[in-house]
Amino acid sequence: MGGILVPTSNNRDAIDGDVRLKARAVTQPAAYDDIVDHYDEHWSVLVREPQERLTESLELVPGSRCADLACGTGLDTLDMLKRVAPGEVVAVDTSEMMLRLAQRRANEANLPLTIDCQDAGSFIAETPALSFDVITLRFVLGYLDFQSALLQLPRLLRPRGRVGLLTILSSS
């Protein structure tokens, strides 16, 4: 898994009056673990409307089995879970802390949530055929070989299965 560079307040060097950031290389999960406490207030609020539109358009029905890839803090996962109960939603993310928050939200709503701590690409590659009625990918394409992953998704879907996708990648 590749790393990303995250500037931190404790690693700034002042050189000739300029502030230059030294970046520490961190893994993608660690970067998201670091921001879990403020993720929803800084990111989720910005994408609330398209997230809700996507979930609504999936026409989820009770008893469905779903996978929410790169589920983050589980806000939308919980909405899916409420709609498919007594079905199942598998929450997939590389961040253990994001998954813990998603699990806590599901527990508080008295809904069972299946969590899987791995990257979306591995999940897609390792999941048996005909496993899901619905799969969502919300802002995850930039973290995987999306051309390959998108070609594999139909294998995972049951008859009449659906994929919900949100992205901001211009290359996708």
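This text goes with the structure placed above it.
What comes next concerns the included structure. Note that this is a predicted model, so its numbers are computed, not measured.

1. A look at the overall build of the protein
A count of helical and extended segments in the protein gives seven helices and seven strands. Counting from the amino terminus, the protein carries its helices and strands in the arrangement β-β-α-α-α-β-α-β-α-β-α-β-α-β. Within the protein, contacts between residues at least 6 apart in sequence are counted, and of these 65% link residues at least 24 apart. Approximately 9,600 Å² of the protein is accessible, and the part contributed by carbon and sulfur atoms is 53%.

2. A closer look at unusual backbone geometry
Note that the residue after Ala85, namely Pro86, is joined by a cis bond; omega there is 10°. Inspection of the secondary structure assignment puts Pro86 in the loop between helix 4 (75-84) and strand 4 (88-93). Look at Ala70: it is not a glycine, yet its phi comes out positive at around 60°. When you line up the elements, Ala70 lands in the loop between strand 3 (65-69) and helix 4.

3. Quick notes on helix 3 (residues 48-57)
Residues of helix 3 that are buried include every one of Gln51, Leu54 and Thr55, and no others. The arc that holds every buried residue of helix 3, seen down its axis, measures 95°, which confines them to one face. Across from the buried face of helix 3, at angles greater than 90 degrees, the exposed residues are Glu49 and Arg53. If you follow the buried residues of helix 3, they end up packed against helix 4, strand 6 (132-138) and strand 7 (157-166). One or two residues past the end of helix 3 sits Glu59, with phi positive at roughly 50°.

4. Overview of helix 7 (residues 146-156)
What helix 7 keeps buried is the set Phe146, Ala149, Leu153 and Leu156. Axial view of helix 7: buried residues confined to an arc of 65°, hence all on one face. Among the exposed residues of helix 7, those oriented more than 90 degrees off its buried face are Gln147, Leu151 and Pro154. Looking at the packing, one finds that the buried side of helix 7 touches helix 6 (120-126), strand 6 and strand 7.

5. Notes on the pairing of strand 5 (residues 114-117)
Two strands pair when backbone bridges link them, and strand 4 and strand 5 are joined in this way by four bridges, in the parallel orientation. Within the sheet, the bridge partner assigned to Asp93 lies in strand 5 and is Cys117. Crossover strand 4 to strand 5 through helix 5 (residues 96-108) is right-handed.

6. Examining the sheet that holds strand 6
Spatially, the five strands line up as an open sheet ordered 5-4-3-6-7, and their pairing is parallel. Of all the strands in the sheet, just strand 5 and strand 7 have a single pairing partner and so form its edges. The mean angle between the axes of side-by-side strands here comes to 15°, regardless of whether they run parallel or antiparallel. Packing against the sheet, helix 3 makes contact with strand 6 and strand 7, and its axis sits at approximately 170° to strand 7. Sheet strands touched by helix 5: strand 4 and strand 5. Its angle to strand 5, the strand with the most contacts, is close to 175°.

7. A few points about the pattern of salt bridges
Think of it this way: side chains of opposite charge can pair up when their charged atoms draw near. This model, assessed by the stated rule, comprises six salt bridges. A salt bridge links Arg138 to Asp68, with the nearest nitrogen and oxygen atoms 3.5 Å apart. A residue pair is termed long-range when its members are at least 10 positions apart, and Arg138 in strand 6 and Asp68 in strand 3 qualify at 70 residues. Exposure remark for Arg138: the relative accessible area of 5% places this residue in the buried category. Look at Asp68 and you get buried, because its relative accessible area is 0%. With its nearest N and O atoms 2.5 Å apart, the salt bridge here joins Arg100 to Glu96. Of this pair, Arg100 and Glu96 both sit in helix 5, four residues apart, roughly one helical turn. What makes Glu96 partly exposed here is its relative accessible area of 41%. One network of salt bridges, in which partners are shared, links Glu56, Asp79 and Arg83.

So, how was this worked out
Residues numbered from 1 in each chain as written. Predicted model: local features only at pLDDT ≥ 70, side-chain atom pairs only at ≥ 80, totals over all residues. Heavy atoms only, no water. Helix = DSSP H or I, 4+ residues; strand = E, 2+ residues; numbered from the N terminus. Contact = heavy atoms within 4.5 Å. Areas by Shrake-Rupley, 256 points an atom, 1.4 Å probe, with all protein chains shown as cover. Buried < 20%, exposed > 50% of the residue type's maximum accessible area, 1.4 Å probe, protein only. Arc of directions from axis to C-beta. Pairing = 2+ DSSP bridges. Right-handed = clockwise from strand over helix to strand, strands pointing away. Axes fitted to C-alpha atoms, helices over the stretch in contact; angles between N-to-C directions. Salt bridge = Lys/Arg side-chain N within 4 Å of Asp/Glu carboxyl O.

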